[in-house]
Amino acid sequence: MNRTREVEVQYIKKYAICPKCGAKRCGRHSIGRRRLRDLGQEKPLICRVIYSKHKCKECKWIFSNPKSEIFAIKRGRFTLSVMREALKCLIECGMTYEKTKQHLLKNYHVKVPIPTMNDWVINFEAEKYKGTISLEARYGSTKKKEFV
Ligand SMILES: [Zn+2]
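Residues numbered from 1 in each chain as written. Predicted model: local features only at pLDDT ≥ 70, side-chain atom pairs only at ≥ 80, totals over all residues.

A. Quick peek at the packing of helix H2 (residues 97-108) against helix H3 (residues 114-125). Following both chains from N to C, one finds H2 and H3 inclined at 110°, their axes separated by 10 Å at the closest point. Of the possible angle classes, the one that applies to H2 and H3 is roughly perpendicular. Only Ile114, Met117 and Asn118 of H3 make contact with H2, whose side of the interface consists of Tyr97, Thr100 and Lys101. (Axes fitted to C-alpha atoms, helices over the stretch in contact; angles between N-to-C directions. Helix = DSSP H or I, 4+ residues; strand = E, 2+ residues; numbered from the N terminus. Parallel < 35°, antiparallel > 145°, perpendicular 65-115°, else oblique. Contact = placed C-beta atoms within 7 Å.)

Next comes the structure, spelled out in structure tokens:
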């Protein structure tokens, strides 16, 4: 019985630029894996992200291929798409947590605990996701005018 769909994306590079000191051509150190819950159609969807980790040849910092972070926040268990959908419901549409939870479960087959969504709202309002998540519509003064 396979009730969950899984997709895999790979971001494996031989070299990367150190985000800390800017050193170029930092070689691969290891391979990281993340399993993220995504918005599903008809059944739950898991997005497996396989990515390279690199060790800086100058400062010795070990970092993940930055491309792997376009899918989720650090240590997040859900994709940014799930977060965006939840935040849209809660902030833009003013839906309750319970209703948002039901909406995500019914339409996207993803179960998000209310405390998790509550953290997202708090962090979003504190602008901790700036540059990562933006809601297109009118939302206070943080609105980004990308398509003007
Ligand atoms: Zn470095």
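B. Seen up close, the nonpolar core. Counting residues in hydrophobic clusters, the biggest one holds 13 residues, and the most contacted among them are Val82, Met83, Ala86, Val112 and Trp120. Looking at this core, the elements that each hand over two or more residues are helix H1 (80-92), H2 and H3. Ignoring sequence-local partners within four residues, the contact set of Ala86 consists of Thr100, Leu104, Val112, Met117 and Trp120. (Core = buried A, V, L, I, M, F, W, Y, C linked by C-beta atoms within 7 Å. Buried ≥ 20, exposed ≤ 12 C-beta atoms within 10 Å, placed from the backbone.)

C. Seen up close, H3. With 12 residues, H3 extends 17 Å from end C-alpha to end C-alpha; this agrees with the ideal 16 Å at 1.5 Å per step. What H3 keeps buried is the set Met117, Trp120 and Phe124. The buried residues of H3 occupy an angular sector of 55° when projected down its axis, which confines them to one face. In H3, those exposed residues whose orientation departs by more than 90 degrees from the buried face are Pro115, Asn118, Asp119 and Ile122. Tucked inside the fold, the buried residues of H3 contact H1 and H2. Backbone geometry just downstream of H3 places Glu127 in the positive-phi region, at approximately 60°. (Expected span 1.5 Å × (residues − 1). Arc of directions from axis to C-beta.)

D. Just the environment of Arg3, in detail. Relative to the elements of secondary structure, Arg3 occurs in the segment before strand S1 (5-11). For Arg3, a count of 7 C-beta atoms within 10 Å translates into the label exposed. The spatial distance from the C-alpha of Arg3 to the C-alpha of Glu42 is 9.5 Å, given a sequence separation of 39 residues. In this structure, Arg3 is in contact with Lys43 and Pro44, ignoring residues within four places of it in sequence.

E. Structural context of the confidence of the model for the chain. Across the chain, pLDDT averages 88, with 90% of residues at or above 70. Low pLDDT (under 50) marks residues 137-148, which in the prediction has 6 contacts with non-local residues, meaning those over four places away or in another chain. (pLDDT = per-residue confidence, 0-100.)

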